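Observations on the model geometry
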Amino acid sequence: MIPESALQKFRESFRGQVLCPGEAGYDATRAIPNAMIDRRPAVIARCVGAADVIASVRFAREHDLVVAVRGGGHSVAGKSVCEGGLMVDMSAMKGIRVDPARRTARAETGLKLGEFDRETQAFGLATTLGVVSATGIAGLTLGGGWGHLHAKYGLAIDNVIGADVVTADGRLLTANSTENPDLFWGIRGGSGNFGIVTSLEYRLHEVGAVLGGAVFHPPAKAKELMQFWREFAAGSPDELVTQGGSFNLPDGTPVFAVAACYCGKLSDGEKVLQPLRSFGSPLADNFSALSYVQLQSMFDSFFPPGRLTYVKSNFIRDFDDQAISILAQYVGKSPSPHTFAPFIEHWHGAATRVAPTDTAFPHRQYSYNFFAWSNWTSPSDSEKNIRWTRECWEAMQPFLVAGSYGNYIADEGDTFARAAYGPNYDRLVALKNKYDPTNFFRLNHNIKPS
């Protein structure tokens, strides 16, 4: 129990809003997009600036409270909210300043990527940031940040040039290549293990209209399409990013689709995408010239908040014919019409030309990332959807590596966390010992201090 006098003192020192159970706004704020997660923090601190974040950390330390940090709230593992502790809610911190001359943006970590994109696109600029516009920039970036521009410009973390971080002892530190460079290395892929990031500075790039969309085929053609796509993707220029998988269209039609973004000259993109668009007899082809903001919201309608979600994911060691045959068996077979599974991302280009130890995110050498992203609407369907997701993932085990993209990991514990950080794990433990020796920040894919 937190003494009422202590809570009142906290409220008085706080510029934002402090919410407790039963107060207006509490339930709406604690809710996160994954409806599998239903936790009740003792206190929610809705921060409006770095000073509020510092006050929150100090309050949690004084009262021995577990801390959860919410940016966009899209952690599939539910790390954004805690039971009985302090939820530090960053969602009101949406400041952003674009410097078109330097081609940089300084952004607070309550921003969602669609909000970020609208501001940078006002200057014809963008950087790699996910593929669903409602996703928070913070968690996505700190976990790596795969997106439509990764092959040309690298992952989101490859474009981070600085950050402000509130550490476990309540200090606000600047982290970049010259100030606290060890912390700067660690936050780029180390998730929220070392502190609460209050702002991120990104490198931006000129991005105008793109060629985006997808070709949709019936599930029966999934095996042939995957085999073709594998060969097509192997010759992808850096301007092209593709991903493909099984899902249902809004009218309920099951499909296997390959989606793409070409971020170079549109006439060149038409030529590059011609083989993909000409393969077989697609049910539909919706490729067109789009603004980058339009492209970034292309998948939004498939991921509304409030659905129950369970995800399994690993990088693929061998995307060979045998692996494709296994994947094809699961196409169109999910018990839920809202599921994206099996699904595969093609990773290549600039993101894979960064050494595994240059950032804390190590998985740069694999060309394909597999996931089964199951969504459904009724809690009574949870058991069968979780079971099917695991069956799909287990069938793929012979073709997968242990390592995962951290943003797609459900709450799997220490073994998965170690694999997610791979060869960087021991260096990250040393960093944890320095910046968070008591594991104050532990609601994440946790790196335990020694």
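Everything here concerns the structure above.
Notes on the structure follow. (Residues numbered from 1 in each chain as written. Predicted model: local features only at pLDDT ≥ 70, side-chain atom pairs only at ≥ 80, totals over all residues. Heavy atoms only, no water.)

**Remarks on the packing of aromatic side chains**
- In this structure the tally under the stated criterion is 30 aromatic pairs.
- With centroids separated by 5.9 Å and ring planes inclined at 65°, the aromatic side chains of Y330 and W388 adopt a geometry described as edge-to-face. Here the residue Y330 occupies a position in helix α11 (residues 321-330), and W388 occupies one in helix α12 (residues 382-395), the gap between them amounting to 58 residues.
- The exposure class assigned to W388 is buried, which follows from its relative accessible area of 9%.
- Above the ring of F440, the side-chain terminus of R61 is found at 4.9 Å from the ring centroid.
- In this structure, R427 packs its charged tip against the face of W185, placed 3.6 Å from the ring centre. (Phe/Tyr/Trp six-rings, centres within 6.5 Å; stacked < 30°, edge-to-face > 60°. Helix = DSSP H or I, 4+ residues; strand = E, 2+ residues; numbered from the N terminus. Buried < 20%, exposed > 50% of the residue type's maximum accessible area, 1.4 Å probe, protein only. Lys NZ or Arg CZ within 6 Å of the ring centre and 35° of its normal.)

**Quick word on unusual backbone geometry**
- Of the consecutive residues A341 and P342, the connecting peptide bond is found in the cis state with omega at -10°.
- Structurally, P342 can be placed in strand β18 (residues 340-346).
- The phi dihedral of N180 falls on the positive side, at around 45°, and the residue is not glycine.
- Assignment of secondary structure puts N180 in the loop between β9 (172-175) and α7 (181-187).

**A short note on the pairing of strand β19 (residues 368-376)**
- A large share of β19 lies buried, amounting to nine of its nine residues.
- Residues Y368, F370, A372, S374 and W376 line one face of β19 and the alternating positions N369, F371, W373 and N375 line the opposite face, and both faces are buried.
- As defined by bridge partners, strand β17 (residues 308-316) adjoins β19 across nine bridges and the pair is classed as antiparallel. In the strand pairing of β19, N314 is matched with F370.
- Here β18 pairs with β19 via five bridges, running antiparallel. What sits directly across from E345, in β19, is N369. (Pairing = 2+ DSSP bridges.)

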